[in-house]
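Chain and residue survey
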Amino acid sequence: MTPTASLYETLGGKAAIGAVVDDFYRRVLADPALAHRFAQTEMDKQRKHLAAFMALALGGPDEYAGRSMEKAHAGLNITRAEFGAVAGHLVQTLRALGVPQAHIDSVIGRVAGLESGIVGK
């Protein structure tokens, strides 16, 4: 990664983020402990939404027009275990796509910073 390259660029930009989101949701939806959380979700819209959020969070273009983490997860009462399982699926996805561990650590560090806005809301 060059000093001026964002993590978004380093990971491969829009196409790479799209691949991450697709594989990530394949894993999450296959997990019986998490799949119920998405039973009423329009997944095409959700994939686009997450891709835009991830792009912004990783230093890419600002195309995110969604709610804050707190508002998006209000009333869902997501548990710490569910949050951890989702993060675990993200790690598995990034590893499967060949992302170097240092970059995985950076992504997960950013995800961990969102926990207080998601868990128990």
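So, a few notes on the structure that sits alongside this text. Here the structure is a predicted model, which means the values were calculated and not measured.

**What about the overall build of the chain?**
From N to C terminus, the chain includes seven helices and zero strands. For the chain, the N- to C-terminal ordering of α and β elements is α-α-α-α-α-α-α. At 14 Å, the chain has a C-alpha radius of gyration in line with the 14 Å of a compact globule built from 121 residues. Once the C-alpha set of the chain is aligned to its principal axes, its extents read approximately 40 × 30 × 25 Å. Taking all 121 residues of the chain together, 36% fall into the buried category. Counted over contacts in the chain with a minimum sequence separation of 6, partners at least 24 positions apart contribute 72%. Accessible surface for the chain amounts to roughly 7,000 Å². Of this, 57% is attributable to carbon and sulfur atoms. For the chain, the distance from the average position of its 13 positive side-chain charges to the average position of its 12 negative side-chain charges is 3 Å.

**What about the packing of helix 2 (residues 13-30) against helix 3 (residues 43-57)?**
Packing of helix 2 against helix 3 brings their axes to within 9 Å, and their N-to-C directions diverge by 130°. It follows from the interaxial angle that helix 2 and helix 3 lie oblique. For the element pair helix 2 and helix 3, the recorded crossing hand is right-handed. Taken together, the residues of helix 3 that come into contact with helix 2 (itself represented by Ile17, Val20, Val21, Asp22, Phe24, Tyr25 and Leu29) are Met43, Gln46, Arg47, Leu50, Ala51 and Met54. Here the contact of helix 2 with helix 3 is built from residues that sort into 10 nonpolar, one polar and two charged.

**What to know about the packing of helix 5 (residues 80-96) against helix 6 (residues 101-112)**
Packed helices, taken two at a time, are described by their axes: the angle between them and the distance between them. Two elements in contact, helix 5 and helix 6, have axes whose closest approach is 10 Å; the angle formed by their N-to-C orientations is 155°. Considering their axes alone, helix 5 and helix 6 lie roughly antiparallel with respect to each other. In terms of crossing hand, the pair formed by helix 5 and helix 6 is right-handed. Listed contacts from helix 6 to Phe83, Ala87, Leu90, Val91, Leu94 and Arg95 of helix 5 are Gln101, Ile104, Val107, Ile108, Val111 and Ala112.

**Let's talk about the pattern of salt bridges**
Evaluation of the coordinates by the stated rule reveals five salt bridges. With its nearest N and O atoms 2.8 Å apart, the salt bridge here joins Glu82 to Arg37. With Glu82 in helix 5 and Arg37 in the loop between helix 2 and helix 3, this residue pair connects regions lying 45 residues apart in the sequence. Judged by its relative accessible area of 29%, Arg37 is partly exposed. Salt-bridge contacts for Glu115 lead to Arg80; the nearest nitrogen and oxygen are separated by 2.5 Å. With Glu115 in helix 7 (residues 115-118) and Arg80 in helix 5, this residue pair connects regions lying 35 residues apart in the sequence. Residue classification places Arg80 among the exposed residues on the basis of a relative accessible area of 57%. Beyond isolated ion pairs, a larger network of salt bridges with shared partners links Asp23, Arg26 and Arg27.

Here is what the cut-offs are and how they apply
Residues numbered from 1 in each chain as written. Predicted model: local features only at pLDDT ≥ 70, side-chain atom pairs only at ≥ 80, totals over all residues. Heavy atoms only, no water. Helix = DSSP H or I, 4+ residues; strand = E, 2+ residues; numbered from the N terminus. Rg over C-alpha atoms; globule rule 2.2 N^0.38 Å. Buried < 20%, exposed > 50% of the residue type's maximum accessible area, 1.4 Å probe, protein only. Contact = heavy atoms within 4.5 Å. Areas by Shrake-Rupley, 256 points an atom, 1.4 Å probe, with all protein chains shown as cover. Lys, Arg positive; Asp, Glu negative; His and termini not counted. Charge placed at Lys NZ, Arg CZ, Asp CG, Glu CD. Axes fitted to C-alpha atoms, helices over the stretch in contact; angles between N-to-C directions. Parallel < 35°, antiparallel > 145°, perpendicular 65-115°, else oblique. Left-handed = near helix turned anticlockwise from the far one by under 90°. Nonpolar A, V, L, I, M, F, W, Y, C, P; charged D, E, K, R; others polar. Salt bridge = Lys/Arg side-chain N within 4 Å of Asp/Glu carboxyl O.

Read these as spatial facts, not as claims about activity.
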